Amino acid sequence: MNGPNSVSLTRFLIEEQRAKGKIGADLRLLIEVVARACKTISIAVGKGALGGVLGEAGTGNVQGEAQKKLDVLSNDILLEANEWGGHLAGLASEEMDHPHAIPHHFPKGGYLLVFDPLDGSSNIDVNVSIGTIFSVLRCPEGMTGTEDEAFQQPGTTQVAAGYCVYGPSTTLVLTLGDGTHAFTLDREVGSFLLTGRNLQIPPDTKEFAINMSNTRFWEAPVKRYIDELVAGKDGPRGKDFNMRWVGSMVADVHRIVTRGGVFMYPLDSKTAAQGGRLRLLYEANPMAFIVEQAGGAATTGRQRIVEVKPSKLHQRVPVILGSRNEVERVTGYHGEG
Ligand code: AHM
Ligand code: MG
């Protein structure tokens, strides 16, 4: 792949700008800075036990979750990389109660960056794929970018979204609202090279991803849908399905973006009081944008994820995304309920 004709992330962004004029200098800088931060995180992740980065940080985040050392480190890497370039008005993250203000001695820009610095925390210490998820918004008129409300925009307003999966290879998947594209990190050269233009999620699939240990907490439409998949050839679907659950949303979604499937973290009685398990602004919305731009669908079961109007920075939502026909089927079951 690497060679005189390989397309680096930088070249891709410049050529997109030349062809369509939608990626101004600030947005390109933003994407490149996030990609550079992901490279740094990838190096820390890759050192594993040798880097002294595994284990608990001894602190908790606003959601009451114990932070891992790599959660905190990745958050710091993304903050430091992004605060000086003049492209951002503010940053928000899973690991911070409220937005991070750009220090006064740096210029401010018009974009907001919101991220889950290291998704799949429970997989860090066991050497299973983890990742970074991010979403780019415009700072609304009359706001400074330090208010929670500045970030509380529906996913339809996203300017860009992406994730970087730290697996056997490090892969950045990106949308700027015109298709979903994949870039693999060439570790020797140190740059992300285009390895998949206009990814397409097949509309049909035989693969599903859900935490089956929550079966007894699900709502009736989800229970019906999964029962039918598990019944396979002997049930109403008339074909066998296979199950995969990595436990890192980034890795599970990456599989779906690569070969199709349906990923579900639905509403259940365990998480109903908080609205669901996954967070809207830095998990569900960016993934929904990426999946829709790859021809897939993403709903809460009741509504398109990107149309949910956020009322809290760390708001949670149910998530059902992936191959269009499966997402539509399970969403239809909710409508019948
Ligand atoms: P995290 O951001 O703290 O890592 O939590 C989100 C993760 C997702 O990556 C994943 O889909 C889910 O939590 C796994 O949940 P479970 O522990 O129920 O398998
Ligand atoms: Mg997460």
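Residues numbered from 1 in each chain as written. Chains lettered and ligands numbered in written order. Predicted model: local features only at pLDDT ≥ 70, side-chain atom pairs only at ≥ 80, totals over all residues. Heavy atoms only, no water.

A.B. asks: Looking at this structure, how should I read the overall build of the protein?
C.D. replies: When its secondary structure is counted, the protein shows eight helices and 17 strands. The C-alpha atoms of the protein give a radius of gyration of 19 Å, which matches the 20 Å a tight globule of 337 residues would have. Looking at the protein as a whole, 56% of its 337 residues qualify as buried. Carbon and sulfur atoms form 51% of the exposed surface of the protein, whose accessible area is close to 13900 Å². Mean positive and mean negative side-chain charge positions of the protein (34 and 38 charges, respectively) differ by 4 Å. (Helix = DSSP H or I, 4+ residues; strand = E, 2+ residues; numbered from the N terminus. Rg over C-alpha atoms; globule rule 2.2 N^0.38 Å. Buried < 20%, exposed > 50% of the residue type's maximum accessible area, 1.4 Å probe, protein only. Areas by Shrake-Rupley, 256 points an atom, 1.4 Å probe, with all protein chains shown as cover. Lys, Arg positive; Asp, Glu negative; His and termini not counted. Charge placed at Lys NZ, Arg CZ, Asp CG, Glu CD.)

A.B. asks: Got a minute to help me understand the packing of aromatic side chains in this structure?
C.D. replies: Describing an aromatic ring pair means giving the distance of the ring centres and the angle of the ring planes. Taken as a whole, this structure holds four aromatic pairs when the rule is applied. When the centroid spacing of 6.3 Å and the interplanar angle of 70° are considered together, the rings of Y225 and Y333 count as edge-to-face. Placement of Y225 in helix α5 (residues 220-231) and of Y333 in helix α8 (residues 324-336) is noted, with a sequence separation of 108 residues between them. Y225 gets classed as buried once you look at its relative accessible area, which sits at 0%. Aromatic ring contacts, followed pair by pair, group W245, F263 and Y265 into a single cluster. Stacked on the ring of Y333, the Lys or Arg R224 has its end atom at 3.6 Å from the ring centre. (Phe/Tyr/Trp six-rings, centres within 6.5 Å; stacked < 30°, edge-to-face > 60°. Lys NZ or Arg CZ within 6 Å of the ring centre and 35° of its normal.)

A.B. asks: Got a minute to help me understand the site of ligand 1 in this structure?
C.D. replies: Taken together, 17 residues are adjacent to ligand 1, and D119, G120, S121, M249 and Y265 come closest. The side chain of E94 places a nitrogen or oxygen atom 3.1 Å from an oxygen atom of ligand 1. Between an oxygen atom of ligand 1 and a main-chain N or O atom of S121, the distance comes to 2.9 Å. For the shell around ligand 1, the secondary-structure elements that each account for two or more residues are β5 (111-119), β13 (262-265) and β14 (278-279). Partitioned by chemical class, the residues of the shell around ligand 1 number five nonpolar, five polar and seven charged. (Near = heavy atom within 4 Å. Polar contact = N/O pair within 3.5 Å; in protein donor to acceptor, adjacent residues only side chain to side chain. Nonpolar A, V, L, I, M, F, W, Y, C, P; charged D, E, K, R; others polar.)

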